[in-house]
Amino acid sequence: MANYFNTLPLRLQLAELAKCRFMHLDEFTEGVDALKGKKLVIIGCGAQGLNQGLNLRDSGLDVSYTLRAAAIDEKRQSWKNATENGFTVGTYEELLPTADVVLNLTPDKQHTNVVNTIMPMMKHGACLSYSHGFNIVEEGMQIRDDITVIMVAPKCPGSEVRAEYVRGFGVPTLIAVHEDNDPNGEGLALAKAYAVGTGGHKAGVLMSSFVAEVKSDLMGEQTILCGMLQTGSLLCFDKMIEEGIDAGYASKLIQYGWETVTEALKYGGVTNMMDRLSNPAKIRAFDLAEEMKDIMGPLYQKHQDDIMTGAFSSGMMDDWANDDAKLLGWRADTAETAFEKTEAGDVEISEQEYFDNGILMVAMVKAGVELAFETMTDAGIIADSAYYESLHETPLIANTIARKKLYEMNATISDTAEYGCYLYNHACVPLLGDFMKDIKTDVIGKGLEFADTGVDNARLIEVNEAIRSHPVEVIGAELRGYMADMKRII
Amino acid sequence: MSDLDRWCLDALSVDFDGRFQLDDISWTIQPGEHWLIAGANGSGKSALAAVLAGAGDRLSGTCSGLPDRVALVSYEQQAELIEAERRKDDADILDVISEGTPVAEIIDSVSQDDELAETLIDALGLRPLLDRAFRKLSTGESRKVMLIRAFTSNPELLVLDEPFDGLDHDSLWWLQAHLRDLAKTVPMVIVLNRFDECPDFITDVAYVDDGRLLHKVKRDDERAFAEVRQLLHLQTTDLELPPGDPAAQLPSLNDADPLVRLTGAAIRYTDNTVFEDLDWTIEANEHWQLSGPNGSGKTGLLSLITGDHPQCYVNDIQVFGFQRGTGESIWQIKQYIGYVSTALQWEYRVSIGLRNVIISGFYDSIGLYGKSTDAQKAIADQWLDLLGMTGRFDEPFNSLSFGEQRLLLIARAMVKHPPLLILDEPCLGLDDINRQLVLALIERICTTSNTTVLYVNHRTQDQIRGINNHLALQ
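Residues numbered from 1 in each chain as written. Chains lettered and ligands numbered in written order. Predicted model: local features only at pLDDT ≥ 70, side-chain atom pairs only at ≥ 80, totals over all residues. Heavy atoms only, no water.

Draft legend 1. Looking closely at helix α19 (residues 359-378) of chain A. The terminal C-alpha atoms of α19 of chain A, which comprises 20 residues, lie 28 Å apart, in line with the 28 Å expected from a rise of 1.5 Å per residue. With respect to burial, α19 of chain A is a largely interior element, 17 of its 20 residues being buried. (Helix = DSSP H or I, 4+ residues; strand = E, 2+ residues; numbered from the N terminus. Expected span 1.5 Å × (residues − 1). Buried < 20%, exposed > 50% of the residue type's maximum accessible area, 1.4 Å probe, protein only.)

Draft legend 2. Layout of the nonpolar core. Within the largest apolar cluster, 125 residues are counted, with the highest numbers of intra-cluster contacts made by I143, M292, M296 and L360 of chain A. If one sorts the elements of this core by residue count, helix α12 (residues 210-242) of chain A sits on top with 15 residues. Counting 94 residues, the second-largest nonpolar core is a separate cluster that includes L129, L130, F164 and L192 of chain B. (Core = buried A, V, L, I, M, F, W, Y, C linked by side-chain atoms within 4.5 Å.)

Draft legend 3. Up close: the sheet that holds strand β17 (residues 452-456) of chain B. Residues and elements named next belong to chain B. Pairing within the open sheet is parallel, and its five strands lie in the order β15-β16-β17-β12-β18. Edge positions in the sheet fall to β15 (337-341) and β18 (469-472), since each has one partner strand and no second. Taking each pair of neighbouring strands and ignoring which way they run, the sheet shows an average axis angle of 15°. Pairing between strand β16 (residues 420-424) and β17: five bridges, direction parallel. Looking across to β17, one finds that I422 is bridged to L454. Of the strands in this sheet, β12 (288-291), β15, β16, β17 and β18 are in contact with helix α8 (residues 298-306), which crosses β16 at around 155°. Where helix α13 (residues 402-414) meets the sheet, it contacts β15 and β16, and its direction lies at approximately 165° from that of β15. (Pairing = 2+ DSSP bridges. Axes fitted to C-alpha atoms, helices over the stretch in contact; angles between N-to-C directions. Contact = heavy atoms within 4.5 Å.)

Draft legend 4. Quick look at the domain arrangement of chain B. Residue and element names in this part refer to chain B. For chain B, the domain assignment lists domain 1 (7-236) and domain 2 (285-311 + 325-472). The straight-line distance from the C-alpha centre of domain 1 to that of domain 2 is 41 Å. Every contact between the two is made by 12 residues of domain 1 and, on the other side, 19 residues of domain 2. For the pairing of domain 1 and domain 2, the buried interface totals around 1,200 Å² over both sides, and the portion due to carbon and sulfur atoms is 58%. When the buried area of domain 1 at its contact with domain 2 is split by residue, E227, Q230 and L234 rank highest and sum to 52% of it. For the interface between domain 1 and domain 2, the tally reads zero salt bridges. Inspection of the domain 1/domain 2 interface yields zero residue pairs in polar contact (both at pLDDT 80 or more). Taken together, the elements giving at least two residues each to the side of domain 1 that touches domain 2 come down to β9 (212-218) and α7 (222-236). (Domains from an automatic or database assignment. Buried area = accessible area lost by both parts, 1.4 Å probe. Salt bridge = Lys/Arg side-chain N within 4 Å of Asp/Glu carboxyl O. Polar contact = N/O pair within 3.5 Å; in protein donor to acceptor, adjacent residues only side chain to side chain.)

In structure tokens:
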């Protein structure tokens, strides 16, 4: 199979990359009607599969699960998940021939195998749904002409997808129709109904394309979301230990610091996050971020280039073929890092202290968000997509680190994200080596010592202006404004 | 007073002419304390005050250290004195028209301090009335006389039952100032119906309900003090439940259908069966109590009804006319249900304001995700009034005490006047005061609305009037 993206002419590549539109609530007035009475069969009963299924059923839809015969016979966890939740479970042969919509919620690396197996069993004119476009875009999977292919991708871990639905809300969701496979022109209606069924329409739906989803999603998760947070965690921790900060304190400052500072990001973008710092600290963070952006810029470009050319995915597929040797090795290495092995200390750290003593962490988030956004938009990805795949998702990933450090983050994200995260981390740690040599506890661990809290007015104005006028802040303000109507009232 | 001078009631039960009884009162008044006795009408707060002055017949328990000179001012005692005056008049031994005892004599008969008496007579404007018969005074005037008698009797303890009632503005102002002065030297116990009149010098509050002394709270324990105040509010204020939102009428139910019908219901996991073969029908206006030991499946059973348990789709369940698993959405079910449980409270980790928490009940959501209407805001504010939380609409929910949160979630559950209100151990984790607060609110709901209540609890003392059906799980 050939990389689908690479088969497209440049004109279409650019057109697909530029697809991304925030949909308004009134575009979902038909609710789940397009799926009502249809038979939805989900393949895979992991976190996404189970939780999406629970939501869809609670929205009045007919949902059942199909598992491989072995998983049923051996009563594996996936079988238990489905059965104890009162779902019908059957083999591919039993359920797929009558399915109207097949929801493929297996991990990326199984897609080729799964789709090749199920395609001959699917009835004429049925719909196949993905929640990630990797198989179509990077692996070039060809789907039978009569089958409608859509993507519905909740931008949160499966447990959140369920929790938010139960609260009466949902999680932001990206939908797309694979233009090559929309024989009856019903792809969009089905994708919208699916998004309503999972509650996504309440939190905001982005209408995108398979191509834009894959190329921006890969870039975001590898760089700012997982890669930068992992690299930052390791570097900041080691630096604090080197400078004699208590290990328990350092561990806690990092584990919960990402969550705390990115919470400010979620509410009011980079501007608000930076505004949480004192004026002298803000100027320091700004300068540090500028320096890191210079150093890391080429690395971000390399990641984006490898994603665009398909070099990243073919490298990862080689590792799949090699029994995930690299992935598993990197995962084991991460578990052995000093940060990972040091328990967060039993010390009180106030919300503001995370900012004041974590100036470098704030600078890293700013540098990573802005660089990822800039690199994506330079590569033709529309600003809306780039915003969601960088700034918007950072707090979500930071939450996972707060729960159980890097282990939890890497366990929650997909193998694809995890693989990319390690790639980034291994390049970025040495890249920032010289930079880190000049770092002292004033920007990580202890905070600035204010002999003089004064700042130069002209410099402060200049810095504020630079922060506020960055394109990620412009689009961010607009998108957060769109979502204000539907967002929880905070 | 020395330490030995503390006054102690221990497991004291007192009868008042067979009309009323105080039970099992244990109460210690330490030197330096000034107490407020609070409680609803008929709770026994006046009786408790009177006991300090020796009223009632002791049935059991002990009473130690109380001083000899206790001055009591109360309506009852005022009425007794007037009645005594009237009897004198009716004695009819001499064939003359008795004028009754003049005010001056009434005061003189008990006064130990004539100089003080003269001062107080002037301060309260009684001088022109000194020669008038006591029984001919107005209620307010005779109350002033009673106060002067109490103040001039050189009391070791002053017991004042509703001292501010019936006084004109100037006298009220004077009395408050005088009590403040007096508090420096004389211990006081004051009975008040209204908390907002509580004088500054009060150090402790005793809360009385149904003849029992239920709570003793230090004035400077702000949270407990506020809770007692709220409890009093719920028990004494005669508010109607706020109306529903006329713009958000629920699709009406078929009267012939029961609210809930479970047929052969079961919850099974691969390794255990929680319950099976359970038939249960809940008709409208038939309140139910559900009980059973831990692990018997009470919450599971409830969540089959609310749709929160995934196995509701493999059971034969009819709710509000919907046969479950036939294409209905969970929101179509939840719109008919108000639900409160400890689990919900744990889930409800949001920082939104109190008003929005209540409004979220219209949407069955945790948090509020849509714009609310002015009508909904007005209704929510009425609920805050009912809860004694007037004006606190912007306060963040997660800053409330556990008990206050529970009250608010009950208001959230009731705001849409659901056909079915499910209360899963609503008193769990609450202290006594908050438990009574919650029960008072639920009782009000049971007796004043069309909502059918399904109530789950362990504790037998948390019974609710009006709930007559009982299902016990094994």
